[in-house]
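Now for the letters of each chain:
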Amino acid sequence: MTTATPATAALRSRRRRRALRTLAFLSPWLVGFGVFFAYPLAATVYFSFMDYDGFTAPSFAGLTNWSYVFGDSPLFWPALRNTLWLVAATTVCRVVFGLGVGLLVTRVKRGAGLLRTLCFLPFLAPPVAATLAFVFLLNPGTGPVNGLLARFGIDGPAWFGDPAWAKPALTVLAVWGVGDLMVIFVAALLDVPREQYEAAELDGASAYQRFRYVTLPNIAPVVLFAVVTGVIQATQSYTQPLVAGQIASGAAGGSGRPFEPGYPDKSTLTLPQLVYQQGFQRFDYGSACVVALVLFTLALSLTALLMRRRSGVAAGAAGAGG
């Protein structure tokens, strides 16, 4: 049996102190991660297998909640389709429009500061106030948008009162508040080396070719950031679809009965709304936890897919360059 030498013991002591010091610095994050993420996630998984209404003690229900959500619930699949639709439409439109406004701002010679301010101001509007304003603007009977379309002989749609137009109207609302992405893209565009543009111009590259082969490769990490955060934000759509449905249906501040989200005809129902409805209106916490886990898995899967594709593209470009 070998005994540790004094040097070895001292080395182990230094490593132990270093590990404890590292844990001390990490402790705020570890506590926050455990209290606000790990424990709620574990509790959600636990209650998804329980019959629990928030008042009586939970009882084991097996896969009953899961089979109800995926097989018998009339709201889950419409909510999932609407959420995926909003994720795809709002993310793509916000990134494309934000990049376009950023390019415009960086090209303007005079009044660039005023233009940046005007483009950023809508982002500062509270979500409820912005939604109220858009419902008023897109009101099929008295709204100025349909009134303007009528001047050109166009019969405007019902917007938030039409299941076919409610989600496009929400997309327009999301694009209107694109000032946050505009600021990020402006900073990234101004950081692109001017020498690369000059070299491309000397080689006879067109404006599209300069954008394709100079601008995009340099701002690709920022575009990925915008897409990932846009996906996460879109999967959490709750306030604006709910407020738009309430105002368009005339239920806001009404009779006092709980409002069933999704107006019109479940077209604006999202998974976060369904979580709230199942858990806090119908007191079916087991089914609400199942929907919450589906929402978490959806956001995690989409984010991981985007990150993996970005890593694959970067590795391929590095290999081609080598």
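Residues numbered from 1 in each chain as written. Predicted model: local features only at pLDDT ≥ 70, side-chain atom pairs only at ≥ 80, totals over all residues. Heavy atoms only, no water.

K.L.:
Help me understand the overall build of the protein, please; the structure alone is not making it clear to me.
P.N.:
Each helix and strand counted, the protein has 13 helices and 2 strands in total. Expected size for 322 residues packed as a compact globule is a radius of gyration near 20 Å; at 26 Å, the protein overshoots this value by more than 25%. Each principal axis of the C-alpha distribution contributes one length, and for the protein these read about 95 × 75 × 35 Å. Out of the 322 residues belonging to the protein, those deemed buried represent 34%. Pairs at least 24 apart in sequence give 67% of the contacts found in the protein among residues at least 6 apart. When the accessible surface of the protein is split by element, carbon and sulfur atoms take 66% of a total near 19100 Å². (Helix = DSSP H or I, 4+ residues; strand = E, 2+ residues; numbered from the N terminus. Rg over C-alpha atoms; globule rule 2.2 N^0.38 Å. Buried < 20%, exposed > 50% of the residue type's maximum accessible area, 1.4 Å probe, protein only. Contact = heavy atoms within 4.5 Å. Areas by Shrake-Rupley, 256 points an atom, 1.4 Å probe, with all protein chains shown as cover.)

K.L.:
What should I look at first to understand a nonpolar patch on the surface in this one?
P.N.:
Judged by side-chain polarity, L20, L23, L26, W29, L30, F33, F37, F296 and L300 come together as a nonpolar surface patch covering roughly 860 Å² of accessible area. Counting only elements with at least two residues in the nonpolar patch, the list comes to α1 (6–47) and α13 (285–321). Among the elements that take part in the nonpolar patch, α1 stands out by supplying 7 residues, more than any other. On the secondary structure map, L26 appears in helix α1. (Patch = residues over 30% accessible without salt bridge, like charges linked within 9 Å, V, L, I, M, F, W, Y side chains within 5 Å. Salt bridge = Lys/Arg side-chain N within 4 Å of Asp/Glu carboxyl O.)

K.L.:
Got a minute to help me understand unusual backbone geometry in this structure?
P.N.:
The amide bond that connects Y263 to the next residue, P264, takes the cis arrangement and shows omega of 0 degrees. By the element assignment, P264 lies in the loop between α11 (239–249) and α12 (271–281). Even without being glycine, W159 reaches a positive phi, approximately 55 degrees. Residue position: W159 is located in the loop between α6 (144–151) and α7 (166–176). Although it is not a glycine, F283 adopts a positive phi angle of roughly 55 degrees. With respect to the helices and strands, F283 occurs in the loop between α12 and α13. Judged by its relative accessible area of 35%, F283 is partly exposed.

K.L.:
Honestly, the pattern of salt bridges in this entry has me stumped. Any pointers?
P.N.:
Between side chains of opposite charge, a pair can form when the charged atoms approach closely. One pass over the structure, following the stated rule, counts 2 salt bridges. As a salt-bridge pair, R94 and D180 come within 3.1 Å of each other at their nearest N and O atoms. Taken together, the residues span a long stretch of sequence, with R94 in helix α3 (residues 76–107) and D180 in helix α8 (residues 179–190) at a distance of 86 residues. Comparing R94 with D180, the two get one shared label, buried. Ionic pairing is found between E260 and R282, a salt bridge with its closest N-O pair at 3.6 Å. One end of the pair, E260, is in the loop between α11 and α12; the other, R282, is in the loop between α12 and α13, and 22 residues separate them in sequence.

K.L.:
In this structure, what is going on with the packing of aromatic side chains? I would like to understand it.
P.N.:
Any two aromatic rings considered together are summarised by their centre-to-centre distance and by the angle between their planes. For the coordinates displayed, the defined rule picks out 18 aromatic pairs. For the ring pair F55 and F283, a centre distance of 5.5 Å and an interplane angle of 55 degrees mean the geometry is tilted. With F55 in the loop between β1 (50–51) and β2 (59–60) and F283 in the loop between α12 and α13, this pair connects stretches of sequence that are 228 residues apart. Every member of this aromatic cluster is reached through a ring pair, and the members are Y46, F47, Y52, Y238, Y276, F280 and Y285. Over the ring of W85 we find K167; its NZ or CZ atom is 5.8 Å from the centre of that ring. (Phe/Tyr/Trp six-rings, centres within 6.5 Å; stacked < 30°, edge-to-face > 60°. Lys NZ or Arg CZ within 6 Å of the ring centre and 35° of its normal.)

K.L.:
Any chance you could explain the state of the cysteines here in plain terms?
P.N.:
In protein structure, a disulfide is the covalent linkage between the sulfur atoms of two cysteines. Tallying each qualifying case throughout the model produces 0 disulfides. Looking at C93, it has no disulfide partner, and the nearest cysteine sulfur is the one in C119, 17 Å off. (Disulfide = S-S within 2.5 Å.)

K.L.:
Would you take a moment to explain a positive patch on the surface for this structure?
P.N.:
The grouping of R12, R14, R15, R16, R17, R18 and R21 at the surface amounts to a positive patch. Locating R12 in the fold gives a position in helix α1. (Lys, Arg positive; Asp, Glu negative; His and termini not counted. Charge placed at Lys NZ, Arg CZ, Asp CG, Glu CD.)

K.L.:
Would you mind going over the side chain of R94 with me for this structure?
P.N.:
Accessibility expressed as a relative area gives 9% for R94, which makes it buried. At 3.1 Å, the side chain of R94 and the backbone oxygen of G177 are in polar contact. In this structure, R94 is in contact with A174, V175, G177, V178, D180, L181 and Q233, ignoring residues within four places of it in sequence. (Polar contact = N/O pair within 3.5 Å; in protein donor to acceptor, adjacent residues only side chain to side chain.)

K.L.:
Teacher, can you tell me more about the confidence of the model for the protein here?
P.N.:
Reading predicted coordinates in detail is not appropriate for stretches of low pLDDT. Within the protein, residue pLDDT values average 89, and 93% of them lie at 70 or more. Below pLDDT 50 for its whole length, residues 315–322 participates in 0 contacts with residues either more than four positions away or in separate chains. (pLDDT = per-residue confidence, 0-100.)

K.L.:
Where do I start with helix α10 (residues 207–235) in this structure?
P.N.:
At 3.6 residues per turn, the α-helix brings residues three or four places apart onto the same side. If you check α10, its first and last C-alpha atoms are just 35 Å apart, much less than what 29 residues at 1.5 Å a residue would give, namely 42 Å. At A220, α10 shows its strongest bend, of approximately 60 degrees, with the proline P221 following within four residues. (Expected span 1.5 Å × (residues − 1). Bend = angle between axes of the 7 residues up to and from the residue.)

K.L.:
What's the story with the side chain of T83 in this structure? I'm lost.
P.N.:
Looking at the secondary structure, you find T83 in helix α3. With a relative accessible area of 1%, T83 lands in the buried category. Apart from the residues within four sequence positions on either side, T83 is in contact with T235, T270, L271 and L298.

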